[in-house]
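Structure assessment
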Amino acid sequence: MRKKRSSRRRIAPDPKYNDLLVARFINNLLKQGKKNTARGIMYEALTSIASKTEKNPVDVFRKAVDNASPLIEVRARRVGGATYQVPTEVRPERRTALAIRWLISNAKERSEKSMSQKLAAELLAASTGEGGAIKKKDDVHRMAEANKAFAHFRW
C-alpha cells in the first residue's frame, strides 16, 4: 500500500437534538446544499412524531434506523467466469448508511402531502417494524438466505 488511508470525516452533531445520527440523516436528506431546508424537514417530522406518539422523537427515530439496518447483504463475486451472489456481513457504518438511504427513498415514495409528513410516517412505520424500508431489509436478508450455498466464496 503506497498511500495513507484517508481518515473518516467527523460530522458535528445537529444543533437542536445534539445527536450525530440525526445530523447524518439531515446530511443524507440534503439536496443541492440546502441544509436549512433539510433541517426544517427533519425537525418538522420529529415534531409530528412527538405529537403523535407522546414519546421522545429521537428514540423513535433511532429505533426506526435500527429496525431498517440490514445484518447481511449479497455481494457479486466472480469465480472462474461465473458471477455468484455471495452473502456477507454488513459493516456497522454501512449498515446505518443503508438504513438511512432506504428510509429516505421510501419516504419520498409515500403519498402524504409534504416531505416532512412522508418522513414522519415512514419513521413511525419503521419503528414499529413495517413500511418500505423494512420490506427492503427483509428482501436483502431473503436474498442472502437464498444464496447461502455460495457463502464459502467469501474472502
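Going by the structure above, here's the rest.
The notes below deal with the structure included here. (Residues numbered from 1 in each chain as written. Predicted model: local features only at pLDDT ≥ 70, side-chain atom pairs only at ≥ 80, totals over all residues. Heavy atoms only, no water.)

**Observations concerning the packing of aromatic side chains**
Applying the stated criterion across every chain yields a total of five aromatic pairs. Measuring from centroid to centroid gives 4.6 Å for Y84 and F153, while their planes differ by 15 degrees, and the two rings are stacked. With Y84 in strand β2 (residues 82–89) and F153 in the segment after α6 (132–146), the pair connects residues that are 69 residues apart, well separated along the chain. The rings of Y84, F150 and F153 are connected pair by pair, giving a single aromatic cluster. (Phe/Tyr/Trp six-rings, centres within 6.5 Å; stacked < 30°, edge-to-face > 60°. Helix = DSSP H or I, 4+ residues; strand = E, 2+ residues; numbered from the N terminus.)

**Some remarks on the pairing of β2**
Along any regular strand, the residues point their side chains to alternate faces of the sheet. The sheet contact formed by strand β1 (residues 72–79) and β2 spans eight bridges and is antiparallel. Counterpart to V74 in the pairing with β2 is P87. Hairpin connection, β1 to β2: the antiparallel pair is bridged by two residues, and G80 has positive phi, about 55 degrees. (Pairing = 2+ DSSP bridges.)

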